[in-house]
Each structure stands twice: as C-alpha cells, then as structure tokens.
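Summary of the model geometry
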Amino acid sequence: YILMKLGKSSIVLIIISGLLLLTLPVSATSISDGTGDVYHWSQTGTAWSWRANIGDKPNVDITEVSYSVDGAKLTLKLKVAGTIQTSEYYWYNTYFNSSDTVYMWWWSNGSGFGMASNQNQSAYDMVQNFTVSGNTISAEFNVIGATTEEELWGQAHQYTTVGQNQQTNEWWGDWAPN
C-alpha cells in the first residue's frame, strides 16, 4: 500500500514539476536560420520585382545570429552560409536588446561601428574592432547593463548601385529570425 501511494505521489510530483518547467522563461543565446531564404529586389526603369527564397547568395544568407557573455564582455556574432565580404556592396548588422541595454553593430567594406546604450545608468560603449574569419563576423562590447535577452536579430545585404538617377538597381537581403 505504501509503495503504491509513493508511486502515485511520485508521478504527480513529476507531472507538476514538468508543468512548472514549462512556465520558466527561456533565453536563447543563438538564432539559427535556414539557408536559401534570401530575398531579391530589382528595378529597371519604373518596373520593379520582389522575389523570395533566392538560394544563390550565400554571402548574405544568414545561418546564425548569437550573443555570448563572458564576465564583463558581451559578444555579438553573425554567421553566413558563404564568406563575409569586404566590398562596399555588402552590409552586415546585428541587434541585441536586454531589459535595459541595447547593443548593436553595423559593418561594411572592411570596417564597422558598434554601440551599446543603457539610458537608465547613462552608460555607453562603442566598438570599432571587429573579428572577421571566413563566414563569421563579431564584435565585443563591455557589459554596461542587463544581459538577459529580450530581442536578438541580424541582417545581411548585398546591392548593386542604388540611387535616384540609376536606371537599374538590385538588392538581396536576409534576416534572422525570419
């Protein structure tokens, strides 16, 4: 009788524990993004087109956006299916928002700029040093506030000449999450 009662109590405790675990907040440190989901916009004269799921642009096809915290440093990282390009026609950026601090960076043509802002503490950080290796680009910030994720995303773009007097323009882009 006692073993039977203990068994039923254990099952109930396991079920309740499982339900409680489902209510805990989960904070991901990375977002995976499938390949072949690049968008393409083109314009010739006054005609334009918009196509989805372009698979032949690996250098802007995001596979992952992530952040990591190591002590007093926060790293924002973006990975693509191809190789990070140093041309002026490629643009990469990430954004991380915690409960009180925003961290973000932009990078193109071999250089970039990153900033972090915590309005509550009047704390700011800026970065200009990026690590680029193959398919990955990252920037490291000083932690100036909370690091619990509320929002994380990245973008990668490629374009041809764009401007008011151009007759032909093209743009490709990917977002994560999408």
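Structural data are supplied above this passage.
First things first, this report covers the structure right here in the doc. (Residues numbered from 1 in each chain as written. Predicted model: local features only at pLDDT ≥ 70, side-chain atom pairs only at ≥ 80, totals over all residues. Heavy atoms only, no water.)

1. What about the overall build of the protein chain?
Helix and strand counts for the protein chain stand at one helix and 13 strands. Along the protein chain, helices and strands appear, N-terminal first, in the series α-β-β-β-β-β-β-β-β-β-β-β-β-β. Looking at the protein chain residue by residue over its 178 residues, the buried ones come to 37%. Excluding contacts between residues fewer than 6 apart, the proportion of contacts in the protein chain whose partners are at least 24 apart in sequence is 55%. Here the protein chain has roughly 10,500 Å² of accessible surface; of this, 55% comes from carbon and sulfur atoms. (Helix = DSSP H or I, 4+ residues; strand = E, 2+ residues; numbered from the N terminus. Buried < 20%, exposed > 50% of the residue type's maximum accessible area, 1.4 Å probe, protein only. Contact = heavy atoms within 4.5 Å. Areas by Shrake-Rupley, 256 points an atom, 1.4 Å probe, with all protein chains shown as cover.)

2. Describing the nonpolar core
Ranked by internal contacts, the top residues of the largest apolar core, which has 30 residues, are Leu76, Leu78, Tyr92, Tyr103, Trp105 and Phe141. When residues of this core are traced back to their parent elements, those giving at least two are β4 (62–70), β5 (73–80), β6 (90–98), β7 (102–108), β9 (123–127), β11 (136–142), β12 (149–159) and β13 (168–176). Ranked by residue count, the leading element in this core is β5, at four residues. Contact partners of Tyr92, with chain neighbours within four places excluded, come to Asn59, Leu78, Val80, Thr83, Ile84, Gln85, Trp105, Trp106, Trp107, Gln155 and Ala156. (Core = buried A, V, L, I, M, F, W, Y, C linked by side-chain atoms within 4.5 Å.)

3. A word on the packing of aromatic side chains
Summed over all chains, the structure comprises twelve aromatic pairs. Relative to Phe113, the ring of Trp106 lies with its centre 6.3 Å away and its plane at 10°, an arrangement referred to as stacked. Where Trp171 meets Trp175, the ring centres are 5.8 Å apart and the plane angle is 45°; that geometry is what we call tilted. The ring of Trp172 has Lys57 lying over it, and the distance from NZ or CZ to the ring centre is 4.1 Å. (Phe/Tyr/Trp six-rings, centres within 6.5 Å; stacked < 30°, edge-to-face > 60°. Lys NZ or Arg CZ within 6 Å of the ring centre and 35° of its normal.)

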